[in-house]
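Chain by chain, the residues:
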Amino acid sequence: MTSQKDFEMQPRYTSRCTSSNFRRFIIVAILGAFIILITVHGTDKCRDLFSSTTNIENAPENTIQARNQGFIARHTPTKEQNDKVLPTTAKQQLIEVSKLKDSKEPIDWKLPIATTQHVSKLPESKEQNGNGLKVNTNDSKKPNETTNWIEAFRELARDLREDDYFCPNKVERGQLKFDCNTSPFVVQKPCLVYSFGINNQWSFDDAMANIGCDVFSFDPSMGYTGEHVRPSGVHFYPIGLGSKSMDDFTPRMDNYVKKNPGKKWKIRTLGDLVKELNHSKRPIDMLKIDVESYEWEIIPNILQSGLVPRIKQMNMEFQIFEDTPPERIPYFLNVYKAMTKAGFKQFYCMPSVTLNKNDLKNKRLISECAYVNVNYAFRK
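Residues numbered from 1 in each chain as written. Predicted model: local features only at pLDDT ≥ 70, side-chain atom pairs only at ≥ 80, totals over all residues. Heavy atoms only, no water.

### Points about the overall build of the protein
To be explicit about the condition: Note on conventions: DSSP H or I runs of at least 4 residues are helices, E runs of at least 2 residues are strands, and numbering of each starts at the N terminus. With a 1.4 Å probe rolled over the protein chains alone, any residue whose accessible area is under 20% of its type maximum counts as buried; one over 50% counts as exposed, and the rest are partly exposed. Throughout, a residue-residue contact means that at least one pair of heavy atoms, one from each residue, lies within 4.5 Å.
Of the regular secondary structure elements, the protein holds nine helices and 13 strands. Each of the 380 residues in the protein was classed as buried or not, and the buried ones make up 45%. Here the analysis covers contacts within the protein between residues at least 6 apart in sequence; of these, 72% occur between residues at least 24 apart.

Written as structure tokens, this is what we have:
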């Protein structure tokens, strides 16, 4: 039987148990809410991290629609767009670019391999036509003015990091040379390939010949004195690509020229070569140019030649050397912009960039890039 004392103590005991359980409930609830908050926050971070075109299925709807069109536009998003669309990785890179732009300290940096940041449909070029594109690449600076070369260098490097075109099926044709094997840019037999700059590295040329293309390769620096045909079927000519046609071109001294010093080169414009080889009625399915920084003078000639609508794809190596005059770099940027405006859209690029604005000799850019031509319109 319960004593009077036990009876009096029972309510107090029950009250203590209830109070203790309530405190436990509150602690558990707080911990649970905290865990849920961390989980949701972490999930959002992961979603942001993988919401680029690398994982296109989780990308915003407008990104998926634009991916299907193939075009990728470079632009600087507004703050609202950053908050709603731009992935975390892109935000961080924009912040890093802003810091580089505003920094007054000497820098020595290398850019990583290109990644796509934002996708939208590009407007069609209205200035391109079959009679050639007028390119405004005149230098506005005096030869001794270098005030804008650093910003031009940085802008060119940033552009090379960002693709213009999404190619779902990139095929490597030799070392660091890519073919967008996707309609309407598929390269297949019968196909015509022009390859400039060989240095006895035939992997690209042989690979294109092996898929049934007629391949014509050119390089005046290798010591060959005559034409020949390789076992793969590649036709070789000891001729260089230039902005003018001449038989006594004096090349800039570099490691390639040192192999055969004092030798004059025979060079031709792309238009003249097409005529001399009787290819005026054929499209150029693939154009490869690796000419040790001469590309900056050759590109304007190609854009103005009327050949742009006949070039389906292009592999280009861009180079800026330590001894390149800094005042030329804004001109290079204008050349690149004119090329992309003419219709050449980048789907692959691997830039290697070094820059120190306090040491003019400590600058270098080497970039292997691949392009499709959205203005390709040649018909047999």
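That covers the picture; the talk isn't over yet.
### A word on the nonpolar core
Generally speaking, a soluble globular protein has its nonpolar side chains buried in company with each other. Heads up, the condition is: Nonpolar core, defined: a set of buried Ala, Val, Leu, Ile, Met, Phe, Trp, Tyr and Cys residues in which side-chain atoms within 4.5 Å join the residues together.
Judged by nonpolar contacts, the single largest core of 51 residues is most densely connected at Tyr 194, Phe 196, Leu 270, Leu 287, Phe 318 and Tyr 371. No other element matches helix H9 (residues 329-341), which puts eight residues into this core. Beyond its immediate sequence surroundings of up to four residues, Leu 287 is in contact with Tyr 194, Phe 196, Leu 270, Ile 302, Ile 311, Gln 313, Met 314 and Asn 315. With 14 residues, the next largest nonpolar core counts Val 187, Ile 198, Met 208 and Ala 209 among its residues.

### Here's the deal with the state of the cysteines
Rule in force here: Two cysteine sulfurs form a disulfide in these notes if their separation is within 2.5 Å.
Applying the stated rule across the entire model yields three disulfides. Each sulfur of the disulfide joining Cys 167 and Cys 180 lies 2.2 Å from the other. Measuring the twist about the S-S bond at about 110°, one finds the Cys 167-Cys 180 disulfide to be right-handed. Of this pair, Cys 167 sits in the loop between helix H5 (149-161) and strand S1 (170-172) while Cys 180 sits in strand S2 (residues 178-180); the two residues are 13 residues apart in sequence, bridging distant segments of the chain. Covalent S-S linkage joins Cys 191 and Cys 213, the inter-sulfur distance amounting to 1.9 Å. In this structure, the disulfide formed by Cys 191 and Cys 213 twists by about -95° around the S-S bond and is classed as left-handed. Pair noted here: Cys 191 is in strand S3 (residues 191-196) and Cys 213 is in strand S4 (residues 213-218), with a separation of 22 residues, a long-range link.

### Digging into the pairing of strand S9 (residues 265-268)
Both faces of the sheet carry side chains from a regular strand, because those side chains alternate between them. We count it as follows: A pair of strands is labelled paired if DSSP reports no fewer than 2 bridges between them.
Note that strand S7 (residues 240-241) and S9 share two bridges and pair parallel. Among the inter-strand pairings, Leu 241 is bridged to a residue of S9, identified as Arg 268.

### Concerning the sheet that holds S9
A sheet is described by the order of its strands in space; here three strands give the open sequence S7-S9-S8, paired in mixed fashion. Where the open sheet ends on each side, the last strands, each with one partner, are S7 and strand S8 (246-249). As judged from the two bridges shared by S8 and S9, these two strands associate in the antiparallel manner. Its bridge partner lying in S9, Met 246 is registered against Ile 267.

### Here we look at the side chain of Thr 340
To be explicit about the condition: Within 3.5 Å is the distance limit for a polar contact, defined as a pair of N or O atoms, with the added protein rule that one can donate a hydrogen and the other accept it, and that residues adjacent in sequence qualify only through two side-chain atoms.
Structurally, Thr 340 can be placed in helix H9. In terms of polar contacts, Thr 340 uses its side chain to reach the backbone carbonyl oxygen of Lys 337, at 2.9 Å. Beyond its immediate sequence surroundings of up to four residues, Thr 340 is in contact with Asp 164 and Lys 345.

### Considering H5
Helical geometry note: an α-helix holds 3.6 residues per turn, so side chains three or four residues apart project in the same direction. Filter applied, for reference: Expected helix span is computed as 1.5 Å times (number of residues minus one).
Across its 13 residues, H5 extends 18 Å between first and last C-alpha, which sits within 8% of the 18 Å expected from 1.5 Å per residue. Among the 13 residues in H5, eleven count as buried, and that is most of the element.

### Details of the sheet that holds strand S13 (residues 363-373)
Heads up, the rule is: Comment: axis = line fitted to C-alpha atoms, over the contacting stretch for helices; angle = value between 0 and 180 degrees taken between N-to-C directions.
Here eight strands make up an open sheet; going across it, the order is S5-S6-S4-S3-S10-S11-S13-S12 and the pairing mixed. Looking at which strands have only one partner, the edges of the open sheet turn out to be strand S5 (228-229) and strand S12 (344-355). Where strand S11 (residues 311-320) and S13 come together, eight bridges link them in antiparallel fashion. Looking at the pairing, Met 316 lines up with Cys 369 of S13. Contacts from helix H6 (residues 203-210) reach S3, S4 and strand S10 (284-289) within the one sheet, and its direction differs from that of S4 by about 160°.

### A look at unusual backbone geometry
In this chain, Ser 183 is followed by Pro 184 through a cis amide linkage whose omega measures 10°. For Pro 184, the location among the structural elements is in the loop between S2 and S3. Along the chain, Lys 189 connects to Pro 190 via a cis peptide bond; the corresponding omega equals 0°. Tracing the backbone through its elements, the reader meets Pro 190 in the loop between S2 and S3. Its identity is not glycine, yet Asn 278 carries a phi of approximately 60°, on the positive side. Looking at where Asn 278 falls in the secondary structure, it is placed in the loop between helix H7 (270-276) and S10. A positive phi is found at Ser 293, a non-glycine position, where the angle reads about 80°. Tracing the backbone through its elements, the reader meets Ser 293 in the loop between S10 and helix H8 (295-304).

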